[in-house]
Amino acid sequence: MAITPAQKAAAEQQQWNAARDASPQVRLVAGPGTGKSKTIEKRVAHVLNAGATPQNVYVISFTVAASTELRKRITAYCANQPCAQAAVAVRVSTMHSLALRILRSANLLATLYPANPAVLDDWERRHVYDIELANSLGCTPGRAAEIRAAHDAAWQTLNPNFINQAAITPVEVQGFNVFHPARTNLYCCVLPGEVIYRCVEAIRMGQIQPAQLPTIEHLIVDEFQDLNACDQEFVRYLANRGAVLFVAGDDDQSIYSFRHADPTGLVQFTTAYSHSSTHVLTDCFRSTPQILGPATQMISVNPNRIPKNLVSLYHNAAPPVGGSLCVWSFPSEQDEARAIAASCQELINAGMAGQEDGILVLISDRGLQLQLIAQELGNLGLPYDPPPGEALTDVDPIRAVYSALRIARDIGTGEPDYVAHRALLGLLSGVGPGTARAVADACVANNQNFHDLFYLAAPPPWLPTRSANAVIRVTAMIQAVSTWNLADTLTNRAGDVAQLLGMVFQGSAQAANHIATWNALAGALPGDMTLQELLSFFEADNDADRRSILDSVNQRLGAAQTPPPTFVQQKRIRILTMHGAKGLSGKVVFIPSLEQGIMPSFRALQAAGLVIEQRRLFYVSVTRAMAACIITHAAQHTGPSAFRLQQRPTVMLPRSQYLNEMNVPSVNRNGGLTPAEAAQIVADVNNL
């Protein structure tokens, strides 16, 4: 590694200064690649070694995957320290999980739901909630989704005016307020923005007594710039009870306004917490100077940001690594895509064979860019992973298997999963939204618990015949699933799963195709994978997490063999969305379509706030790059992409304003990297 021990020690001293700060509130501002997660690891180790009760140390991250990764990192970092055993007891979770725990401890969940509620995932919101809300209001599912999203936004922003974002009428508000409490109680579920809002409201209204809140000595909040107003209020309530608050983030990397993330919470932290201190990490371990410099110049255009003076450690490394940032201009998008694919080939030929996953292609509009780039990579026979698209469990047969596994877990643990039963009911062939709603309405009218309905010896007489037949079918499937154990292997149960799918899609013209879809997936998975591992595989947020689970399964299976086999996995070029690349890095990063109208998009150009956010998104994308960042743009778009952009057969676009802000001129190109250029980049890669 080119970074010297002296440089590393100086950078780590910045991290330790923040980790050991004894102020009641600490703000850590950490730019890309400066060691935010490492500082959190140090902070946990420091407070534990100083005597904090591990069960009273709470670390909050943004997603389940992020909190799981953070827990692993904390445990690994503390493994060789006095706090090694204590670190295992530190509470690392999402904010949703903590809010649910508080509501549960105050016995408020029992007053709202028959069991622990599940947060509806995207498929469940679209195929259960929105469809039933539409049926109730007499509108389309699309309109129901707008009404639901408007209420969710009002909760997350603590601003009731967000109800008006889609011109929601008073009648629609009233209809939602009638539908929502009854249905979420019936199906024991909540919407994503609802959990923390309910907790904040309960604390504000005095429904939760101080003694019912967890004892928190240290509260550490990661990615603070991604919190919305309700999240920030939740943190404030907890911190005001005496917890030492440590928040970490970077306002320049706030890219989730569609989730109502509010970076001003980080920017104005010292105003909200007048006794707080601030630490700014300035030493970048990731990006080389030629990448970091233009990116920093561009992001400085944004208003109301925390000033930073980031420095690439590679500038004074031994040997120094300058890296490269290029802006290439092409006549057409086809020429652009071919050049990117050819460049990937040259990089592999020059020495990145076996490091293909170090090459990232970051796209801002998958509908516009993905097919063309994937086609050109495929034409050269290059291995690549596309960005996550439709979730694995969005496909009907896989959703049916996923629901069945959740019901098996329900039976095994005694923790009811109402939504899984409703999902399976709605997936039955011949059972439409009307029948599913009829079952639900009948349960409400007759004071019947929805979950228990499927475990009765016979359907109640008040169920209409069509509804009763649907319930009988689900009950038969539950009886079949009741023989499963989540410790069973896929090989042992694959046939039973196929038989279950035959029951779900009985009489459907697509039944054979659905079973074939399952068989194809099952055939691609390790036969000795357990059903619990398969359930975790389905619950993973993205393809990367699913691959991680498969790696763990293969390692477990390999460790059981003597001698353990050596797994050699094909490294693949990664195509990612700009949002999906956050938190990742690549040795070489390609960013195509940097044209005005694409990045920033035509939609963003109608609102200054969106131009500011997309500038942050581009900044995040550029700073994923370590050795080289190649940014491209095309003058002409034709065919489907032109119609997607402006409903015209041909569209001419200038280069993005963001490139002008970086002050890097474009170079006209007819092709990709030359062998000499690729060799220079690989030399830089090898010196990282």
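Residues numbered from 1 in each chain as written. Predicted model: local features only at pLDDT ≥ 70, side-chain atom pairs only at ≥ 80, totals over all residues. Heavy atoms only, no water.

Examining empty space enclosed by the protein
According to the stated counting rule, one finds five cavities of 30 Å³ or more in the structure shown. If you add up the space inside the largest cavity, you get close to 90 Å³. In this structure, the largest cavity is lined by Glu333, Glu336, Ala337, Ile340, Leu368, Gln369, Leu372, Ile373, Pro592, Ser593 and His637. Contributions of two or more residues to the lining of the largest cavity are made by helix 15 (333-352) and helix 16 (366-379). (1 Å grid on protein atoms, 1.4 Å probe; cavity = no way out; pocket = protein on both sides within 12 Å on 5 of 7 lines; lining within 4 Å. Points joined across faces, edges and corners; volume = space filled by probe spheres on them. Helix = DSSP H or I, 4+ residues; strand = E, 2+ residues; numbered from the N terminus.)

Brief notes about unusual backbone geometry
A cis geometry characterises the amide bond from Ala318 onward to Pro319, with omega recorded as 0 degrees. Its place among the elements puts Pro319 in the loop between strand 10 (311-312) and strand 11 (324-332). Note the cis peptide between Met599 and Pro600, where omega equals 5 degrees. By secondary structure assignment, the location of Pro600 is in the loop between strand 15 (586-591) and helix 26 (608-622). Of note, the phi angle at Leu158 is positive, near 55 degrees, even though the residue is not glycine. As for its position among the elements, Leu158 is in the loop between helix 8 (141-157) and helix 9 (170-186). Overall, Leu158 belongs to the partly exposed group, its relative accessible area being 34%. Positive phi outside glycine occurs at Asn447, with the angle close to 55 degrees. Turning to its location among the elements, Asn447 is positioned in the loop between helix 19 (433-445) and helix 20 (450-453). (Buried < 20%, exposed > 50% of the residue type's maximum accessible area, 1.4 Å probe, protein only.)

Quick word on the sheet that holds strand 8 (residues 277-281)
Overall, parallel pairing links the six strands, which are arranged 3-2-6-7-1-8 in an open sheet. A strand with exactly one partner marks an edge of an open sheet, and here the two such strands are strand 3 (91-94) and strand 8. The mean angle between the axes of side-by-side strands here comes to 15 degrees, regardless of whether they run parallel or antiparallel. Strands in contact with helix 5 (residues 95-105) are strand 2 (57-61), strand 3 and strand 6 (218-221); relative to strand 3, the strand with the most contacts, it is inclined by about 105 degrees. (Pairing = 2+ DSSP bridges. Axes fitted to C-alpha atoms, helices over the stretch in contact; angles between N-to-C directions. Contact = heavy atoms within 4.5 Å.)

Details of the packing of aromatic side chains
If you walk through the whole model with that rule in mind, you get 12 aromatic pairs. With centroids separated by 6.0 Å and ring planes inclined at 20 degrees, the aromatic side chains of Phe618 and Tyr658 adopt a geometry described as stacked. With Phe618 in helix 26 and Tyr658 in helix 28 (residues 657-662), this pair connects stretches of sequence that are 40 residues apart. Taken together, the aromatic side chains of Trp155, Phe176 and Tyr197 make up a single cluster linked through ring pairs. In this structure, Arg198 is placed above the aromatic ring of Trp155, and the distance from its NZ or CZ to the ring centre is 5.5 Å. Just above the ring of Tyr237 sits the side chain of Arg236; from NZ or CZ to the centre is 5.0 Å. (Phe/Tyr/Trp six-rings, centres within 6.5 Å; stacked < 30°, edge-to-face > 60°. Lys NZ or Arg CZ within 6 Å of the ring centre and 35° of its normal.)

Some details on the domain arrangement of the chain
Split by domain assignment, the chain resolves into domain 1 (5-100 + 200-283), domain 2 (118-187), domain 3 (292-383 + 570-687) and domain 4 (396-557). Computed from C-alpha coordinates alone, the two centres of domain 3 and domain 4 are separated by 42 Å. (Domains from an automatic or database assignment.)

Description of the pairing of strand 6
Residue alternation in strand 6 divides its side chains into two sets, His218 and Ile220 and Leu219 and Val221, and both sets are buried. Pairing analysis gives four bridges linking strand 2 to strand 6, with the strands arranged parallel. Bridge pairing in strand 6 links Val57 to His218. Here four bridges tie strand 6 to strand 7 (residues 244-249), and the two strands are oriented parallel to one another. When the bridges of strand 7 are listed, Ile220 appears paired with Phe246. You can see the chain leave strand 6, run along helix 11 (residues 229-239) and come back into strand 7, and the turn it takes is right-handed. (Right-handed = clockwise from strand over helix to strand, strands pointing away.)

So, helix 18 (residues 418-427)
Counting buried residues in helix 18 gives nine out of 10 residues, a clear majority hidden from the surface. Among the residues of helix 18, those classed as buried are Tyr418, Val419, Ala420, His421, Arg422, Ala423, Leu424, Leu425 and Leu427.

Thoughts on the pattern of salt bridges
Tallied over the full model, the rule gives 37 salt bridges. The salt bridge involving Lys571 is made with Asp357; its shortest N-O contact spans 3.9 Å. Separated by 214 residues along the polypeptide, Lys571 in the loop between helix 25 (543-559) and strand 14 (573-577) and Asp357 in the loop between helix 15 and strand 12 (359-363) bring together distant segments of the chain. We classify Lys571 as partly exposed; its relative accessible area is 36%. With its nearest N and O atoms 2.8 Å apart, the salt bridge here joins Asp417 to Arg406. With a gap of 11 residues between them, Asp417 in the loop between helix 17 (396-413) and helix 18 and Arg406 in helix 17 connect regions that are remote in the sequence. Three or more residues joined by partner-sharing salt bridges are found here, namely Lys36, Asp222, Glu223, Asp226 and Lys582. (Salt bridge = Lys/Arg side-chain N within 4 Å of Asp/Glu carboxyl O.)

Comments concerning the nonpolar core
With 117 residues, the main nonpolar core has Ile208, Leu219, Phe234, Trp518, Leu534 and Phe538 as its most contacted residues. Ranked by residues supplied to this core, first place goes to helix 17 with eight residues. Apart from the residues lying within four places of it in its own chain, the contact partners of Phe234 are Met95, Leu98, Ala99, Ile102, Ile196, Cys199 and Val200. With 41 residues, the next largest nonpolar core counts Ala341, Ile575, Phe590 and Ala627 among its residues. (Core = buried A, V, L, I, M, F, W, Y, C linked by side-chain atoms within 4.5 Å.)

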